[in-house]
Structures are given as structure tokens and as C-alpha cells.
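Listed below, chain by chain, are the residues.
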Amino acid sequence: MASPPNNWLLVDTKILVVDDNDDNRTLFETILNSQGANVAVASDGKAGQEIAMNERFDLIIMDVQMPVCDGYEATVSLRANGCDVPI
């Protein structure tokens, strides 16, 4: 793979996007990837927690209202388990 352009803002940044809306996840992923970020996605708070506890991220973008586990619950759980990543 070729080196990324110098104007990419998020090169080597790992971001987790947690959102139950497919279109929102795709939009975030497309925009963030276009800036050089490495993006992982989850469709609910529970899945997002599992991913966040097993991988290191620089940033987590978390929807508030989701099925299974909402963004507030997921954030509280992540913080209680030592996750200090900006959410």
C-alpha cells in the first residue's frame, strides 16, 4: 500500500463508531477512512463495549439511543472497566 497523502488528518488513528443506524455507521466510516483513520464499527452498545475492551482505540464515537444497550450505559460500563479513551 502506498504512503498516505500528507494532508490526511487521522493517519494511524483508531476510531470505534457505535451506532445502530446503518447509514450513520457507513457515513462515519467513509469520512473517517477518507482522512486516513482505521475504523471499526458496532451496531449497539453491548457490541461496542466488547470491541472496546478487546482493542485499543484513540476515540470512540457513541450514539446515545440504541437497542440492547444505549450509549450512556455503554459509556458507564466502559469507564467502570478502566477505559479512559475519549467517548
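Before reading on, note that the structure itself is shown above.
Described below are features of the structure shown in this document. All values reported here derive from a predicted model rather than from experimental measurement.

### Focus on the overall build of the chain
Scanning the chain from N- to C-terminus turns up three helices and three strands. Reading the chain from its N terminus to its C terminus gives the helix and strand order β-α-β-α-β-α. On C-alpha atoms alone, the chain measures out to a radius of gyration of 13 Å, which is about the 12 Å that the 2.2 N^0.38 rule sets for 87 residues. In terms of overall dimensions, the chain has C-alpha extents of about 40 × 30 × 15 Å along its principal axes. For the chain, the proportion of its 87 residues judged to be buried stands at 32%. A separation of at least 24 residues holds for 62% of the contacts in the chain among residues at least 6 apart in sequence. Roughly 5,400 Å² of accessible area belongs to the chain as shown, and the carbon and sulfur atoms make up 51% of that amount. The averaged location of the 14 negative side-chain charges in the chain is 7 Å from the averaged location of its 5 positive side-chain charges.

### Things to note about helix 1 (residues 22-34)
Taking 1.5 Å as the rise per residue, helix 1 with 13 residues should run 18 Å; its terminal C-alpha atoms sit 18 Å apart, in good agreement. A distance of 2.9 Å separates the backbone nitrogen of Asp23 from a side-chain oxygen at the start of helix 1, and that oxygen is part of Asn21.

### A closer look at the pairing of strand 2 (residues 38-42)
Looking at chain direction, strand 1 (residues 14-18) and strand 2 are connected through five bridges and run parallel. Residue pairing across strands places Leu16 opposite Ala40, the latter belonging to strand 2. In this fold, the crossover linking strand 1 to strand 2 by way of helix 1 has right-handed handedness.

### So, the pattern of salt bridges
Per the counting criterion, the structure on display carries four salt bridges. Here Glu55 and Lys14 are joined by a salt bridge, their closest N and O atoms 3.1 Å apart. Here the residue Glu55 occupies a position in the loop between helix 2 (45-54) and strand 3 (59-62), and Lys14 occupies one in strand 1, the gap between them amounting to 41 residues. You can call Lys14 partly exposed: its relative accessible area is 24%.

### What about the nonpolar core?
Residues Leu16, Val18, Ile60, Met62 and Leu78 are the most contacted members of the largest nonpolar core, which totals 14 residues. Those elements that place two or more of their residues in this core are strand 1, strand 2, strand 3 and helix 3 (71-80). Contact partners of Leu78, with chain neighbours within four places excluded, come to Gln49, Ala52, Met53, Ile60, Met62, Cys83 and Ile87. In terms of nonpolar packing, the next biggest core, distinct from the first, is built from five residues, Ile15, Val17, Leu32 and Val39 among them.

### Examining the pairing of strand 3
Here strand 3 shows one buried face, formed by Ile60 and Met62, and one open face, formed by Leu59 and Ile61. Bridge analysis of strand 1 against strand 3 gives four bridges, and the strand direction is parallel. If you follow Val17 over to strand 3, its bridge partner there is Ile61.

### Some points on the packing of helix 2 against helix 3
Interaxial distance between helix 2 and helix 3 falls to 9 Å at its minimum, and their mutual angle equals 25 degrees. By the angle between their axes, helix 2 is roughly parallel relative to helix 3. Helix-helix and strand crossings are classified by hand; for helix 2 and helix 3 the assignment is right-handed. Counted together, Gly45, Gln49, Ala52 and Met53 of helix 2 and Ala74, Ser77 and Leu78 of helix 3 form the full contact between these two elements.

Reading the values: the criteria
Residues numbered from 1 in each chain as written. Predicted model: local features only at pLDDT ≥ 70, side-chain atom pairs only at ≥ 80, totals over all residues. Heavy atoms only, no water. Helix = DSSP H or I, 4+ residues; strand = E, 2+ residues; numbered from the N terminus. Rg over C-alpha atoms; globule rule 2.2 N^0.38 Å. Buried < 20%, exposed > 50% of the residue type's maximum accessible area, 1.4 Å probe, protein only. Contact = heavy atoms within 4.5 Å. Areas by Shrake-Rupley, 256 points an atom, 1.4 Å probe, with all protein chains shown as cover. Lys, Arg positive; Asp, Glu negative; His and termini not counted. Charge placed at Lys NZ, Arg CZ, Asp CG, Glu CD. Expected span 1.5 Å × (residues − 1). Polar contact = N/O pair within 3.5 Å; in protein donor to acceptor, adjacent residues only side chain to side chain. Pairing = 2+ DSSP bridges. Right-handed = clockwise from strand over helix to strand, strands pointing away. Salt bridge = Lys/Arg side-chain N within 4 Å of Asp/Glu carboxyl O. Core = buried A, V, L, I, M, F, W, Y, C linked by side-chain atoms within 4.5 Å. Axes fitted to C-alpha atoms, helices over the stretch in contact; angles between N-to-C directions. Parallel < 35°, antiparallel > 145°, perpendicular 65-115°, else oblique. Left-handed = near helix turned anticlockwise from the far one by under 90°.

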